[in-house]
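Spelled out from the first residue to the last, the chains are:
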Amino acid sequence: MRRFFSYLIPFSVLLWSVVSASAATSDYYEQLILKPLPQSTLLASFNFRSNTSLSQFEAHNFRYFPRSLGQILQHVGTRELHLRFSLGRWDAESWGARPWDGTKEGGTGVELWAWLEAETDEQADQKWLSLTNALSGLFCASLNFIDETRTTRPVMSFQPEGDHPNSILANMQLLHGVLPREVVCTENLTPFLKLLPCKGKAGISTLLDGHKLFDASWQSMAIDIRPICPSEGECVLQIEQTIDMVLDIERSKRPRDNPIPRPPPGHDLKCNSSKPYHSGDTCFPTDYVEGQDWALDQVFGKSIKGACPLTDPNIPPVCIQAPNSRDIYTTAGATEIKNPNGLSRCYQVPSDNDFSFILPRISQEGENPKPITSEFVEPETPLLYAERTFTGHGYERGGVRTILTNPSPDTEVEFFYMESLPWFMRIYLHTLKTHIDGASGSSKDVIEQIYYRPALDRVRGTQLELRMRIPPASTVFLTYDFEKSILRYTEYPPDANRGFDVAAAVITILPSDSSDAPLARQKTSNLRTTTLLLSLPTPDFSMPYNVIIFTSTAIALAFGGLYNILIRRFVGADEGPEVNVGGLKGKVIAAAAKLMEKLKGAKGKVD
């Protein structure tokens, strides 16, 4: 049993505004934000941010900025870079709005976009090729497979996040590539941790473990590099590394040496005693109704090994979004800082001691019951719901249907919708249609602007960008048809019958122009749909094998007979050379011949 100091730390005197201001100006800081979600899940967001001045960066003086990545950026002339590794699906209906407003999220697989300084498209393509190959080796990923068929040049959906001078902005070119088939694994996490100043040896990065991260229901790793120019002072180059994961608390609490799920014994079952049929042998489970007790070292399998000595001491490294009415017990030496809004609190971690905390179970029955709202903060409603699926049947043609829902009852949503499709999906643009459900108005007013770049076979994919506007409390159905191409047999992957992954659609929600809009609508947010699995006409790959075997056999028989006829010399038996039989076989034959002669001679004498 873990040893905890069973007292609640009441200290909450630091100002929250000082913490926020210090985070923006410090050279390095790290922070872990925990957010309990419904259905016994936990959102853990790790954020690491380093700043270095542009003069120091150009002089190759690396302190907090990783040298391995900085040399790549300088070699290819990268002004801004964004890299994403994602796995799983974000359940917006249960978990609410995405963390960081979706700006740190990418589509399933690997997604990369960057602004390169180049005067021509050919020069930009060469730098893009060098960048993808270098990042592929650095992060142990298949980024080198992002060729011209998987590269697009977005026009509306992406905008630079950093501060760039007008002289450089004129020569910057944006390139975007995605690998939806890439499987994110521990090989990508290890290089990610090596870029941190503390290398995962101290601070919140000690909690990052591949067994926990890749067992999550949803996880995303992000790297953002951009120049920031404050109103006062020198411009800095900022690298921000983010890891978000949604953990199932019950599954994460299983010990590593016994990970197989087993039914709990009867006395450990959590039953709802308010049911009329509740008895000693009848139980209605309350796993998702009453919540669970959990500890930081239980969920992640280890405690925080002290604070990173390089981080800003004014920024608390651990925060949790939980109401002030929720009891939290921490280890000794930690200091609690409560947010004035009463919905979150942070903790200063001692530099020389391990840190962990416990959230006990909240009883909703008995003498002092507490409502479920005291257990976690209610998730925010997303600005937009998006769902994309395939329609149709057969291997010749098909269709795509995207369902976009605006849950707001009084505010419309304006956004960019972008799809990067493979070249073997030949869409029919004239079949692009929209249908509004739940609001009055014409469907022609939904799409305001279209940018379409058709595909070229084995040269480039299809790029479709739409500027759309959805009325309040309505759902829009966006549909179009496409034709499937037949590939060469050498272009199929080893598991051809599984299908081909189609990249997720990128949705960029524009900020509202109204001054009375809520804070969530006053800034740009993003979301991605799920990837699609496309089935193409697949040949019978056993036929080439059968043809090769049959042809080889026929050639061997024909060639062997013809070769014998042309080369072999036929002579009579009496004309051939005498064959001397030697060895043991010859001796036996000779002995048998002598014995036969003796027997014949003896028989003649008797006669």
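Now for a description of the structure that goes with this document. Because the structure is a prediction, the values reported are computed rather than measured. (Residues numbered from 1 in each chain as written. Predicted model: local features only at pLDDT ≥ 70, side-chain atom pairs only at ≥ 80, totals over all residues. Heavy atoms only, no water.)

## With respect to the environment of Leu536
With respect to the element layout, Leu536 can be found in the loop between strand E25 (532-534) and helix H12 (542-567). Sequence separation between Leu536 and Tyr395 is 141 residues, and the spatial gap between their C-alpha atoms is 5.8 Å. Look past the residues within four positions of Leu536 in its chain and what remains in contact with it is Tyr395, Phe424, Lys484, Ser485, Leu487 and Phe500. (Helix = DSSP H or I, 4+ residues; strand = E, 2+ residues; numbered from the N terminus. Contact = heavy atoms within 4.5 Å.)

## Quick notes on the nonpolar core
Counting residues in hydrophobic clusters, the biggest one holds 71 residues, and the most contacted among them are Leu34, Phe46, Met245, Phe300 and Phe357. Among the nonpolar cores identified, the runner-up in size contains 36 residues, and Trp423, Met468, Ile509 and Leu527 belong to it. (Core = buried A, V, L, I, M, F, W, Y, C linked by side-chain atoms within 4.5 Å. Buried < 20%, exposed > 50% of the residue type's maximum accessible area, 1.4 Å probe, protein only.)

## With respect to helix H5 (residues 121-139)
For H5, which comprises 19 residues, the first-to-last C-alpha distance of 26 Å matches the rise-based estimate of 27 Å (1.5 Å per residue) to within 8%. Ala124, Lys127, Trp128, Leu131, Thr132, Leu135, Ser136 and Phe139 are the residues of H5 that are buried. The first or second residue beyond H5 is Cys140, which carries a positive phi of 55°. (Expected span 1.5 Å × (residues − 1).)

## Quick word on the environment of Asp125
With respect to the helices and strands, the residue Asp125 is situated in helix H5. For the pair Asp125 and Leu175, spaced 50 residues apart in sequence, the C-alpha to C-alpha distance is 8.6 Å. Once residues lying within four places of it in the same chain are set aside, the contact partners of Asp125 are Arg153 and Leu175. A polar contact is formed between the side chain of Asp125 and the side chain of Arg153, at a distance of 2.6 Å. (Polar contact = N/O pair within 3.5 Å; in protein donor to acceptor, adjacent residues only side chain to side chain.)

## Topic: the pattern of salt bridges
Under the definition given, this model contains 30 salt bridges. With a shortest N-O distance of 2.9 Å, Glu111 and Arg528 are connected by a salt bridge. Note that Glu111 is positioned in strand E4 (residues 109-117) and Arg528 in strand E24 (residues 525-528), a separation of 417 residues in sequence. Looking at Glu111, the relative accessible area reads 2%, which means it is buried. Classification of Arg528 as buried rests on a relative accessible area of 5%. Salt-bridge contacts for Arg226 lead to Glu161; the nearest nitrogen and oxygen are separated by 3.3 Å. Of this pair, Arg226 sits in strand E7 (residues 218-228) while Glu161 sits in the loop between strand E5 (151-152) and helix H6 (166-169), and the two are 65 residues apart along the sequence. By relative accessible area, which is 39% here, Glu161 ends up partly exposed. (Salt bridge = Lys/Arg side-chain N within 4 Å of Asp/Glu carboxyl O.)

## Quick look at the sheet that holds strand E3 (residues 78-88)
Overall, mixed pairing links the 11 strands, which are arranged E5-E6-E4-E3-E7-E8-E2-E1-E10-E13-E12 in an open sheet. Edge strands, defined here as strands with exactly one partner in the open sheet, are E5 and strand E12 (335-338). On top of the sheet, H5 reaches E3, E4, E5, strand E6 (172-179) and E7; it is set at about 135° to E4, its chief contact. Seen against the sheet, helix H7 (residues 186-194) touches E3, E7 and strand E8 (236-248) and runs at an angle of roughly 35° to E7. (Pairing = 2+ DSSP bridges. Axes fitted to C-alpha atoms, helices over the stretch in contact; angles between N-to-C directions.)

## Comments concerning the pairing of E4
Among the nine residues of E4, eight are classified as buried, and the element is accordingly described as predominantly covered. In the sheet, E3 pairs with E4 via eight bridges, with the strands oriented antiparallel. The residue of E4 that forms the bridge with Phe85 is Val110. Examined bridge by bridge, E4 and E6 share eight bridges and lie antiparallel to one another.

## Things to note about the pairing of E7
In terms of burial, E7 is a largely internal element, 10 of the 11 residues being buried. Both E7 and E8 contribute to a ladder of 11 bridges, which runs antiparallel. Residue Pro227 lies in a different strand from E8, and its bridge partner there is Leu237.

## With respect to a nonpolar patch on the surface
A surface patch of nonpolar side chains, about 810 Å² in accessible area, is lined by Ile555, Phe559, Leu562, Tyr563, Ile565, Leu566 and Ile567. Relative to the helices and strands, Leu566 resides in helix H12. (Patch = residues over 30% accessible without salt bridge, like charges linked within 9 Å, V, L, I, M, F, W, Y side chains within 5 Å. Areas by Shrake-Rupley, 256 points an atom, 1.4 Å probe, with all protein chains shown as cover.)

## Some points on the state of the cysteines
Counted under the stated rule, the structure contains three disulfides. Each disulfide pairs two cysteine sulfurs, and for Cys229 the partner residue is Cys235, the sulfurs being separated by 2.1 Å. Note on the Cys229 and Cys235 pair: the S-S dihedral is about 110°, so by sign convention the disulfide is right-handed. Using a relative accessible area of 30% as the deciding quantity, one classes Cys229 as partly exposed. Overall, Cys235 belongs to the partly exposed group, its relative accessible area being 24%. Disulfide pairing places Cys319 opposite Cys346 at an S-S distance of 1.9 Å. Between Cys319 and Cys346, the disulfide has an S-S torsion of 100° and is therefore right-handed. Within this pair, whereas Cys319 is found in strand E10 (residues 318-320), its partner Cys346 is found in strand E13 (residues 345-348), the two being separated by 27 residues in sequence. By the burial criterion, Cys319 is buried, and Cys346 matches it. (Disulfide = S-S within 2.5 Å.)

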